[in-house]
Amino acid sequence: MSNLAGTNEPKKIYVTMSGLPLSFHLEWPFRKSTSGADFFVLHADIRLESSDGLHAPVAVNLSLTVREVMPSLEAKDAEEPVINALRKEVDRRQIEFVKSGKLVPVSFSSRHYDFKRGKWVFGKASDEEMALLLTRKIYWQTRLAGGRVWIGDPTEALYVETSSEHLLEIAKKLEMQKLIQREGEWAVANPALMQQSAKFEVDMQTALEELEKKHAYERG
């Protein structure tokens, strides 16, 4: 599960394609909307890690169309697509990070589901993009939480439209470059990777500045 209250699991870091390290607090379960509208709601808080308390409180609004393709609305079935739908909205600069703020509605709709193929779709990544995503994930997870990093995480595979097995193949190449050490589906960062901290920090700051610039423009 993703940093649920009351669990002792280590913090999980998920990185956007632009390089922002995020963690998610999801307040399960989904609840029927009390506004009379036909959708289900899940409150969540997206935290921008390695920032000065920036976060985005959101209300995930799941449409009835998408509800019909979900096995259930329990965390075991809904967590992966919910995290990736929120991560994709950050990718699209639709979510603003603030130090405080009101709950922002986020649509969890059929835009992320391919009915013809019967699968979730969040954008196909190239092998090069997957390798960059994995290096960022391993760096930030190591720096912020420590320990081993789960590179076979199916949430990551779903995010870039591949399989966990293919991500492990990508990780093998990173191991050959002496950036990581693999232990099955897990990885440990080597000093060569952690020494690239300046690069990852710049990527994060650049992505944050672009996001903030977009929202500042929309506010006029």
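Keep in mind that this is a model prediction, so the values were computed, not measured.

1. Some details on the pairing of strand β9 (residues 180-183)
Part 1 of the argument: Relative to strand β10 (residues 186-189), β9 is paired through four bridges, and the arrangement is antiparallel. From the neighbouring strand, Ile180 faces β10, where its bridge partner is Ala189.
Part 2 of the argument: Here β9 folds back onto β10 in antiparallel fashion, the turn holding two residues, of which Gly184 has a positive phi close to 70°.

2. Side note on the sheet that holds strand β8 (residues 149-150)
To summarise the sheet geometry, strands pair through backbone hydrogen bonds and adopt either a parallel or an antiparallel arrangement.
Part 1 of the argument: Across the sheet, which stays open at both edges, the three strands sit in the order β8-β10-β9 with antiparallel pairing between neighbours. Here the strands that pair on one side only, and so sit at the sheet edges, are β8 and β9.
Part 2 of the argument: Direction of pairing for β8 relative to β10: antiparallel, over a ladder of two bridges. From the neighbouring strand, Trp150 faces β10, where its bridge partner is Trp186.

3. Details of the environment of Ser197
Part 1 of the argument: Within the secondary structure, Ser197 is located in helix α7 (residues 197-219).
Part 2 of the argument: Given the relative accessible area of 27%, Ser197 is considered partly exposed.
Part 3 of the argument: For the pair Ser197 and Tyr139, spaced 58 residues apart in sequence, the C-alpha to C-alpha distance is 7.8 Å.

4. Details of helix α3 (residues 127-144)
In an α-helix, one turn spans 3.6 residues, which is why side chains three or four residues apart end up on the same side.
Part 1 of the argument: Given a rise of 1.5 Å per residue, 18 residues ought to cover 26 Å, and the 25 Å separating the end C-alpha atoms of α3 matches this to within 8%.
Part 2 of the argument: Residues of α3 that are buried include every one of Met130, Ala131, Leu133, Leu134, Thr135, Arg136, Lys137, Ile138, Tyr139, Trp140 and Gln141, and no others.
Part 3 of the argument: Trailing α3 by a residue or two, Gly146 shows a phi angle of about 75°, which is positive.

5. Describing the environment of Lys88
Part 1 of the argument: Here Lys88 is to be found in helix α2 (residues 75-91).
Part 2 of the argument: The class of Lys88 is buried, set by a relative accessible area of 16%.
Part 3 of the argument: A sequence separation of 34 residues divides Lys88 from Phe122, and the C-alpha atoms of the two residues are 6.9 Å apart.
Part 4 of the argument: What Lys88 contacts, discounting residues up to four positions off in sequence, is His112, Phe122 and Tyr159.

6. Looking at the packing of α3 against helix α5 (residues 164-176)
Part 1 of the argument: With their axes 10 Å apart at the nearest point, α3 and α5 run at an angle of 75° to one another. Put simply, α3 runs roughly perpendicular to α5. Contacts from Asp127, Met130, Ala131, Leu134 and Thr135 of α3 reach α5 at His166, Leu167, Ile170, Ala171, Lys173 and Leu174.
Part 2 of the argument: Residue composition of the contact of α3 with α5, grouped by class: seven nonpolar, two polar and two charged.

7. A look at the environment of Thr65
Part 1 of the argument: You can see Thr65 is positioned in helix α1 (residues 64-67).
Part 2 of the argument: Through-space distance from the C-alpha of Thr65 to that of Ser109 is 7.5 Å; in sequence the pair is 44 residues apart.
Part 3 of the argument: Leave out the neighbours within four places in its chain, and Thr65 touches Ser110 and Phe115.

8. Some details on the pattern of salt bridges
Part 1 of the argument: If you walk through the whole model with that rule in mind, you get 19 salt bridges.
Part 2 of the argument: Note that Arg47 and Asp45 form a salt bridge whose closest N and O atoms lie 3.4 Å from each other.
Part 3 of the argument: We note a salt bridge from Lys76 to Asp77, for which the minimum N-O separation is 2.8 Å.
Part 4 of the argument: A residue is classified by how much of its surface remains accessible, and Asp77, at 24% relative accessible area, is partly exposed.
Part 5 of the argument: Taken together, the shared-partner salt bridges in this structure form one network comprising Asp114, Arg117, Lys119 and Glu161.

Rules behind the numbers
Residues numbered from 1 in each chain as written. Predicted model: local features only at pLDDT ≥ 70, side-chain atom pairs only at ≥ 80, totals over all residues. Heavy atoms only, no water. Pairing = 2+ DSSP bridges. Helix = DSSP H or I, 4+ residues; strand = E, 2+ residues; numbered from the N terminus. Buried < 20%, exposed > 50% of the residue type's maximum accessible area, 1.4 Å probe, protein only. Expected span 1.5 Å × (residues − 1). Contact = heavy atoms within 4.5 Å. Axes fitted to C-alpha atoms, helices over the stretch in contact; angles between N-to-C directions. Parallel < 35°, antiparallel > 145°, perpendicular 65-115°, else oblique. Nonpolar A, V, L, I, M, F, W, Y, C, P; charged D, E, K, R; others polar. Salt bridge = Lys/Arg side-chain N within 4 Å of Asp/Glu carboxyl O.

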